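Single-letter residue listing:
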Amino acid sequence: MIGQNDSPAPGVPADESQLSAHHQIGPLTPPSHPLAVGPVVAPPHSVDGFVKEFLRELNTGQGVALSRSTLNDQYLALARTVRHYLMARWLETMKHQRASKAKTVGYLSAEYLLGRQLGNALLATDLNDIADKAMAACGLDLATLRAQEVEPGLGNGGLGRLAACFIDSLATMSVPCIGYGIRYEYGIFKQTFVDGRQVEQPDTWLSFGNPWEFPHPEAGVQVDFGGHTETYDDNGVERTRWVPSWNVLGIPYNYMVPGYQNGRVNTLRLWSAQATKAFDLAIFNSGDYAEAVRAQTFAENITKVLYPEDSTPQGKELRLQQQYFFVACSIRDFIDQALEDGFDWTQLPQRIIFQLNDTHPVIAVPELMRVLVDEEKLEWEQAWEITRQCFAYTCHTLLPEALEVWPVELLGRLLPRHLEIIYRINDEFLAEVRAHYGDDELKVRAMSIITDFPSRQVRMAYLATIASTKVNGVAELHSQLLRDKLLPAFSEYWPDKFTNVTNGVTPRRFVRLANPSLSQLITDTLGPGWVTDLDRLAELEPYAEDEDFRLAFRKVKLANKERLFDLLRARDDIDLANHHLLDVMVKRLHEYKRQTLKVLHIVSLYEQIISGTVDPETVIPRTVIFGAKAAPGYRMAKEIIFLINSVAATINTDPVIAGRLNIAFPANYNVTLAEKLIPAADLSEQISLAGMEASGTGNMKFALNGALTIGTDDGANVEIRKLVGDKHFFGFGMTEPEVTALQTAGYRPTEFYESNPLLKRAIDLIASGAFSGGDRATFEPIVSNLLYDDRFMALADFSSYLEAQTKVEAAYADEESWTKSAILNVARTGFFSSDRSMRDYLSRIWRAGAVV
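Residues numbered from 1 in each chain as written. Predicted model: local features only at pLDDT ≥ 70, side-chain atom pairs only at ≥ 80, totals over all residues. Heavy atoms only, no water.

Undergrad: Whenever I open this one, helix H4 (residues 128–137) confuses me. Can you help?
TA: Because an α-helix packs 3.6 residues into every turn, residues spaced three or four apart end up facing the same way. Of the positions making up H4, those classed as buried are Ile130, Ala131, Ala134 and Met135. Down the axis of H4, the sector holding all buried residues measures 125°, keeping them to one side. Exposed side chains of H4 directed beyond 90 degrees from the buried face belong to Asp129 and Lys133. In this structure, the buried side of H4 is in contact with helix H1 (47–61), helix H2 (71–100), helix H3 (118–125) and helix H5 (142–146). Among the residues trailing H4, glycine 139 stands out with phi positive, at a value near 80°. (Buried < 20%, exposed > 50% of the residue type's maximum accessible area, 1.4 Å probe, protein only. Helix = DSSP H or I, 4+ residues; strand = E, 2+ residues; numbered from the N terminus. Arc of directions from axis to C-beta. Contact = heavy atoms within 4.5 Å.)

Right, here's the structure in full:
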């Protein structure tokens, strides 16, 4: 394990004296403050310069000689060495930003799934080859050291990965941006399987140190909670002030966000909670050791865990504390760090646009109002006019239950002044609604921020919509449904407020870093420049007809499969066959994503083989890989994981289908695994019920890496299908209007079960106990849910899905035709670069631009 071995790594010289003279470090001098000696200068862009910096960092930073260093020592020294090459650019970027006073994007997100940082930093600085040679000169292997990095699990899925893609693109496009979020001590849990069931372990990502963060406790921000409000006379003006009952400190940790080889480095600032009075010595000396640190424990709980389980009142309160904590820190930070003394508050919208990444940061709206009205003493009307120009809101869901609401009682107890502000915003807004619609109280109730059913609650999506200059969905279909179904009254009232920005992914991480072989093939074919101009992938289209290019493309895919299989063998003790169709479904486990539909397809195929209906020799060899985590409190999702693992355990050991069908479910799917898995995939499973997925970004990553999609007309699948063409996309299932029509008519899943023999036999096989040691009760909850509820209509789409899978098998049997389709998927999906998404945000919403 990293950091637990004191012996030198294999191949490491016993002492630095074994290195050639020009690789040895000279006499060390005490470090000076950068400002004391002028601008920070990056180390030489050479192997010799890199080696010198690495050894200096190992000796003075880690305090060890190379001969006695552990792998963790070497990784930390390497990371800090690469960091040195970014420092001058980072400091210059911040200096230039302060001087230019250009409009900044403040990206407020509760999640950032960054992935490993070392590879991205090497790419951004164009240091990979130099670092590789430098480590070899030291007797070390760069790939081994890169593998030591622990990925920060500061997100749950697409929301956090999207945020990381966006801040990468903004840095690459030289747009001033600061990302704000939470430095969770324990990120998304580490998933393990015990007897096929998910077990959550703490994600101890900080255990061995994190060289990519810069803590600044001297810049801590006090965040208040609880208490009450009171009115007071301010020179004849009646004002309100908040008298809180307790507070914590927010400590900023800065991360560099480098642009791709352009010299710009933006900042990601994550906040960690600490107690304002962490330790009571008198109580400690009295012998009550637990009470002496109670305040510290209480405060640190706020940033302890990503998304605390909120099925209890305590969990709900902790979530609200988290959300207010990080937005209060962020707003105060921007005001203190970016705005000059005597700033004209009417100019605030020209200096900042806060992007609300879903509803988690929406409490920032009343917080900014509180700062402007209570602290800066602006008149309410002026403060509200400013605030409404400083926020924009991205909605990431179509599930009504996913739109956050907070009980009035909880909000009033934890943030009493903010509740007062929300009430006034709502009262004034509803007065406008009444003026517009007359006495239509149903309309008024439908648009009120405060709802009384089922209890008195604050609807945060409504607050965000009212307060934001723009509201956007994240795919064409999603944005239309957002207008028509989720927020129809607001869309009718403010038709110009709603817009669409289709999501995108960064080609730096998910093509250039994740798929170096394909990247090299593209560069050899098109030349450089495509990494920051993904539209150029369209130039690949003619090569789909080139036999030599198709052969090279297949070699890349095969090499990526071998790379993945080596990883899974070492990581999970999973052995997979090389020449199978690699069928991949990786995404958060949720019923609307319909992992159950995929399981039904697998079980149906298995049932047909063991029953003799289908000759296994006629089945295209297929390996299905799942990757998914279920929320700790989501019981049905965890049962589905158990079903997948149970089906896999039976099928993978059945000699009847050996070599024809295999299932793998590596635990703890994350960005690091995705970077190996996505480039290897042949088939991308995007099978959510139409009208349920906001966009998806995994679908884009797979297509850009040459996988064909089997999918419904849902989210960004619609745009992928339009771009790549129906011939190169395996579409199936109901459309969103057909889903609505079936729901309206009354969906009865048992009718589909009874009328489809293949479906009936598959469900009956699960119910029989065939995958649970004969115990028919094990999967009864899943079977009953499918037969008597099936909210997301897996049974209704089953027949269509099987027909599409039959087309997949026929297409995969024609190697040349499949390769052509895979190449065209790459060539026609350059649209899904997050750089394009950022250009859309900049022009349609933020009204900001690059600063060169």
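Undergrad: Explain the sheet that holds strand S14 (residues 450–451) to me, please; I cannot follow it from the model alone.
TA: As summarised here, the arrangement of the 3 strands in space is S13-S15-S14, forming an open sheet in which the pairing is antiparallel. For this open sheet the edge positions go to strand S13 (405–407) and S14, each flanked by a neighbour on one side alone. Both S14 and strand S15 (residues 457–459) contribute to a ladder of 2 bridges, which runs antiparallel. What sits directly across from isoleucine 450, in S15, is valine 458. Here helix H16 (residues 460–467) sits on the sheet and contacts S13 and S15; the angle it forms with S15, its principal contact strand, is near 45°. (Pairing = 2+ DSSP bridges. Axes fitted to C-alpha atoms, helices over the stretch in contact; angles between N-to-C directions.)

Undergrad: Explain the packing of helix H6 (residues 158–172) against helix H33 (residues 834–846) here, please?
TA: Describing two packed helices takes the angle between their axes plus the distance from one axis to the other. Contact pair H6 / H33: the axes reach a minimum separation of 9 Å and the direction vectors enclose 80°. On the basis of their axis angle, the class for H6 and H33 is roughly perpendicular. Contacts between H6 and H33 involve Cys165, Phe166, Ser169 and Leu170 on the former and, on the latter, Ser834, Asp835, Ser837, Met838, Tyr841 and Trp846. Across the contact of H6 with H33, the residue classes tally to 6 nonpolar, 3 polar and 1 charged. (Parallel < 35°, antiparallel > 145°, perpendicular 65-115°, else oblique. Nonpolar A, V, L, I, M, F, W, Y, C, P; charged D, E, K, R; others polar.)

Undergrad: Teacher, can you tell me more about the pattern of salt bridges here?
TA: Pairing between side chains of opposite charge can happen when the charged atoms of each approach one another. Counted by the stated rule, this structure contains 52 salt bridges. We note a salt bridge from glutamate 200 to lysine 638, for which the minimum N-O separation is 2.8 Å. Of this pair, glutamate 200 sits in strand S4 (residues 197–201) while lysine 638 sits in helix H23 (residues 635–651), and the two are 438 residues apart along the sequence. Residue classification places glutamate 200 among the partly exposed positions, given a relative accessible area of 27%. Under the relative-accessibility criterion, lysine 638 is labelled buried at 18%. When salt bridges that share partners are traced, they join Arg332, Asp336, Glu367, Arg370 and Glu375 into one network. (Salt bridge = Lys/Arg side-chain N within 4 Å of Asp/Glu carboxyl O.)

Undergrad: Just checking my understanding: could you explain the sheet that holds strand S20 (residues 661–664) for this structure?
TA: Two pairing modes exist for strands in a sheet, parallel and antiparallel, and in both the strands are linked by backbone hydrogen bonds. Taken together, 6 strands build an open sheet; the order of strands is S20-S19-S18-S21-S22-S23 and the sheet is parallel. Both edges of this open sheet fall to S20 and strand S23 (729–731), since each of them pairs with a single strand only. Adjacent strand axes in the sheet meet at a mean angle of 20°, parallel and antiparallel pairs treated alike. For strand S22 (residues 708–711) and S23, the ladder comprises 3 bridges, and the chain directions are parallel. If you follow isoleucine 710 over to S23, its bridge partner there is phenylalanine 730. The sheet contacts of helix H26 (residues 717–724) involve strand S21 (683–686), S22 and S23, and relative to S23 the element is tilted by about 130°.

Undergrad: I would appreciate a short explanation of the pairing of strand S9 (residues 246–258) in the present structure.
TA: Look at any regular strand and the pattern is simple: side chains alternate between the two faces of the sheet. In terms of burial, S9 is largely enclosed, as 10 of its 13 residues are buried. Bridge count between strand S5 (residues 213–215) and S9: 3 bridges; the pairing is antiparallel. Residue pairing across strands places phenylalanine 214 opposite asparagine 254, the latter belonging to S9. Where strand S6 (residues 221–225) meets S9, 5 bridges bridge the pair, whose relative direction is antiparallel. In the strand pairing of S9, valine 223 is matched with valine 248.

Undergrad: Quick question: what am I supposed to make of the packing of H1 against H4 here?
TA: Contact geometry for H1 and H4: axes closest at 9 Å, N-to-C directions at 60°. In terms of orientation, H1 and H4 fall into the oblique class. Both H1 and H4 take part in a crossing whose hand is right-handed. Counted together, Val47, Phe50, Val51 and Phe54 of H1 and Ile130, Ala131, Lys133, Ala134, Met135 and Ala137 of H4 form the full contact between these two elements. (Left-handed = near helix turned anticlockwise from the far one by under 90°.)

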